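An overview of the molecular structure
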Amino acid sequence: MHHIKLRIAAMIVWGSLIFLSLNAKAQLHAPASVAAEAQIAFDHFPELKNVPVTIRVKHSYCTGKTRPTFISCFLPRNKRSYVITISDHTIDTLTPLLFENLPEPARIGLIGHEISHVADFVQQSTAKSWATAAGHLSRHYMDSLEYHTDLICIRHGLGANLEAWSSYIRATMHTRYWRGADFVIKGDDHYERYMNPDTIESYMTP
Ligand SMILES: [Zn+2]
């Protein structure tokens, strides 16, 4: 009886050690439904290896979004952590753009774009991260922010995936330009907020 208790105690200690060591290494936390694609995309961002990033999958109007955690807005750059939300339910019009309905390369492109936001956020001053997190930014600023985010994604070697995503969106939504979910109802198609496939290609060719 006594040595069974000891064995159980030893197992608990070992279990905790393994859990702690795994946790110390893993900075990317993602549910199984997005984990494979998230890891592929994340591996292209070696500078984020020690940055805590959590991916949540839940009902959300936008197919993907990224922000620093609330507490991070009060912390210095090297202490911040980030949350990427991937939607599993939205309005009918946007449903074909949900992660689960995308072809595999486009899924990696979508997550690559969101991780590019993290790569951008980690460089930002506290004041700017407040503004971004609060979303109090002009349309024009958002246009350049998203365009710049796509560029970060391409520069990390995910251009082909981003292009797969960009082409899929345009083919599915029957539009030449894509300014995001917020503009679906307003029908604005004159701004290249997210890069068009040919623009992505132009940045990929050396
Ligand atoms: Zn974005």
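Definitions and cut-offs
Residues numbered from 1 in each chain as written. Predicted model: local features only at pLDDT ≥ 70, side-chain atom pairs only at ≥ 80, totals over all residues. Helix = DSSP H or I, 4+ residues; strand = E, 2+ residues; numbered from the N terminus. Contact = placed C-beta atoms within 7 Å. Axes fitted to C-alpha atoms, helices over the stretch in contact; angles between N-to-C directions. Left-handed = near helix turned anticlockwise from the far one by under 90°. Nonpolar A, V, L, I, M, F, W, Y, C, P; charged D, E, K, R; others polar. Pairing = 2+ DSSP bridges.

**So, the overall build of the protein**
What the protein contains, in helices and strands, is six helices and four strands. Starting at the N terminus, the α and β elements of the protein follow one another as α-β-α-β-β-β-α-α-α-α. Look at the contacts in the protein between residues 6 or more apart in sequence, and 73% of them connect residues 24 or more apart.

**Here we look at the packing of helix 3 (residues 104-121) against helix 5 (residues 139-173)**
In the contact formed by helix 3 and helix 5, the axes pass within 7 Å of each other and the chain directions differ by 145°. Along this stretch, helix 3 crosses helix 5, giving a crossing that reads as left-handed. Where helix 3 approaches helix 5, its residues P105, A106, I108, G109, L110, G112, H113, S116, H117, A119 and D120 are matched on the opposing element by T149, D150, I152, C153, H156, L158, A160, N161, L162, A164, W165 and Y168. Of the residues belonging to the contact of helix 3 with helix 5, the class tally is 13 nonpolar, eight polar and two charged.

**Concerning the sheet that holds strand 3 (residues 64-68)**
On the basis of which strands lie adjacent, the open sheet formed by four strands has the order 1-2-4-3 and mixed pairing. A strand with exactly one partner marks an edge of an open sheet, and here the two such strands are strand 1 (28-29) and strand 3. Each of strand 1, strand 2 (53-59) and strand 4 (82-89) touches helix 2 (residues 32-42); the most contacted strand, strand 2, lies at about 140° to it. Here helix 3 sits on the sheet and contacts strand 2, strand 3 and strand 4; the angle it forms with strand 3, its principal contact strand, is near 20°.

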